[in-house]
Amino acid sequence: MDILLLIGSIICLLVGLAGAVLPLPGPPLSLVGLFMLHYSKYADFDRKTLAFFTLVTIGISIFDYYAPIWGTKKFGGTKYGAWGSTIGLLAGLFIIPGFGMFLGAFLGAFLGEILGKAEPKKALKAAIGSFLGLIAGIFGKVILCLAMLIFACIAIAEYFMIML
């Protein structure tokens, strides 16, 4: 059973890292991988560590959802741009997998502002804010997933070093 937990953990941690950029729930998958490893014989994380990663995962997941909206508003956008960014991001996931969410959030914010009667220059500025917010969310997810992966690798390495 421990070897299955180890393999499942590694898969979740790696898919979680990929999911930090792709349209997958990256940090939650990585967190599941960390817990799977914890319940195997290969690692024994303390409660504070698991609680920390759980809280940061929740925080990053919320931030990732709101970052494009926040970026739109921070760069002078309105609710039209924020809604457009969200709709564009979701549509982009399905129209052009992978790259579509970037383009969708940008175009969605731009078109939302245009529909809200903003001038093209202001709409472009809001769209840039949406794009930067999306990048900030992805950056946070990548850092968190990498931290969990590194933490797991250290625990696995320590286990095997003790076994030698």
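A.B. asks: Where do I start with the overall build of the chain in this structure?
C.D. replies: Along its length, the chain carries six helices and zero strands. Tracing the chain from N to C terminus, the helices and strands come up as α-α-α-α-α-α. A globule of 164 residues ought to have a C-alpha radius of gyration of about 15 Å, yet the chain, at 19 Å, is considerably larger. The dimensions of the chain, computed from C-alpha atoms along their principal axes, are 65 × 30 × 20 Å. Surface summary for the chain: the accessible area is close to 9300 Å², and the carbon and sulfur share equals 78%. Counting 11 positive and 7 negative side-chain charges, the chain places the centres of these two groups 15 Å from one another.

A.B. asks: What's the story with the nonpolar core in this structure? I'm lost.
C.D. replies: Buried together is how nonpolar side chains tend to be arranged in soluble globular proteins. Membership of the largest hydrophobic core comes to 18 residues, with the highest contact counts inside it found for Leu 34, Leu 37, Phe 45, Phe 53 and Met 148. Secondary structure elements with two or more residues in this core: α1 (2-19), α2 (26-38), α3 (47-74) and α6 (120-163). The element that contributes the greatest number of residues to this core is α6, accounting for seven residues. Among all residues touching Met 148, those that are not within four sequence positions of it are Leu 13, Pro 27, Ser 30, Leu 31, Leu 34, Phe 53 and Thr 57. In terms of nonpolar packing, the next biggest core, distinct from the first, is built from six residues, Leu 89, Ala 105, Leu 134 and Ile 138 among them.

A.B. asks: Whenever I open this one, the layout of surface pockets confuses me. Can you help?
C.D. replies: One simple way to see leftover space: roll a probe sized like a water molecule over the atoms. The calculated volume of the largest pocket comes to roughly 360 Å³. Contributions of two or more residues to the lining of the largest pocket are made by α2, α3, α4 (79-95) and α6. With five residues, α4 is the largest single contributor of residues to the lining of the largest pocket. Classifying every residue of the lining of the largest pocket gives 15 nonpolar, four polar and two charged. If you add up the space inside the second largest pocket, you get close to 160 Å³. Tyr 42, Ala 43, Asp 44, Phe 45, Phe 151, Ile 154, Ala 155, Glu 158, Tyr 159 and Ile 162 are the residues that line the second largest pocket. Within the lining of the second largest pocket, the residues separate by chemical class into eight nonpolar, no polar and two charged.

A.B. asks: Would you mind showing me how to read the state of the cysteines here?
C.D. replies: Linking two cysteines covalently through their sulfur atoms gives a disulfide. All chains considered together, the criterion is met by zero disulfides. Counting only cysteine sulfurs, Cys 12 is the nearest neighbor of Cys 145, a cysteine outside any disulfide, at a range of 11 Å.

A.B. asks: Please explain α3 as it appears in this structure.
C.D. replies: Count 3.6 residues to each turn of an α-helix, and residues three or four apart come out pointing the same way. Remark: the principal bend of α3, roughly 45 degrees, maps to Tyr 66, with a proline, Pro 68, within the next four residues. Of the positions making up α3, those classed as buried are Thr 49, Leu 50, Phe 53, Thr 57, Ile 60, Asp 64, Ala 67, Pro 68, Ile 69, Gly 71 and Thr 72. For α3, the secondary structure elements touched by its buried residues are α2, α4, α5 (100-115) and α6. After α3 finishes, the residue Gly 76 shows a positive phi value of roughly 90 degrees.

A.B. asks: Please explain unusual backbone geometry as it appears in this structure.
C.D. replies: Among all residues save glycine, negative phi is the norm, and among peptide bonds the norm is trans. Its identity as a non-glycine residue notwithstanding, Lys 117 has a phi of 75 degrees, on the positive side. Looking at the secondary structure, you find Lys 117 in the loop between α5 and α6. Relative accessible area serves as the criterion here: at 76%, Lys 117 is assigned to the exposed category.

A.B. asks: Mind showing me how you'd approach the packing of aromatic side chains here?
C.D. replies: One pass over the structure, following the stated rule, counts eight aromatic pairs. Ring geometry for Tyr 42 and Tyr 159: centres 4.9 Å apart, planes at 80 degrees, overall edge-to-face. Residue Tyr 42 is found in the loop between α2 and α3, and its partner Tyr 159 is found in helix α6; the two are separated by 117 residues along the sequence. On the accessibility criterion, Tyr 42 (8% relative accessible area) is buried. Through successive ring pairs, a cluster of aromatic residues spans Phe 45, Phe 52, Phe 53 and Phe 151. It is Lys 79 that lies over the ring of Tyr 80; its NZ or CZ is 5.8 Å from the centre.

Rules used throughout
Residues numbered from 1 in each chain as written. Predicted model: local features only at pLDDT ≥ 70, side-chain atom pairs only at ≥ 80, totals over all residues. Heavy atoms only, no water. Helix = DSSP H or I, 4+ residues; strand = E, 2+ residues; numbered from the N terminus. Rg over C-alpha atoms; globule rule 2.2 N^0.38 Å. Areas by Shrake-Rupley, 256 points an atom, 1.4 Å probe, with all protein chains shown as cover. Lys, Arg positive; Asp, Glu negative; His and termini not counted. Charge placed at Lys NZ, Arg CZ, Asp CG, Glu CD. Core = buried A, V, L, I, M, F, W, Y, C linked by side-chain atoms within 4.5 Å. Buried < 20%, exposed > 50% of the residue type's maximum accessible area, 1.4 Å probe, protein only. Contact = heavy atoms within 4.5 Å. 1 Å grid on protein atoms, 1.4 Å probe; cavity = no way out; pocket = protein on both sides within 12 Å on 5 of 7 lines; lining within 4 Å. Points joined across faces, edges and corners; volume = space filled by probe spheres on them. Nonpolar A, V, L, I, M, F, W, Y, C, P; charged D, E, K, R; others polar. Disulfide = S-S within 2.5 Å. Bend = angle between axes of the 7 residues up to and from the residue. Phe/Tyr/Trp six-rings, centres within 6.5 Å; stacked < 30°, edge-to-face > 60°. Lys NZ or Arg CZ within 6 Å of the ring centre and 35° of its normal.

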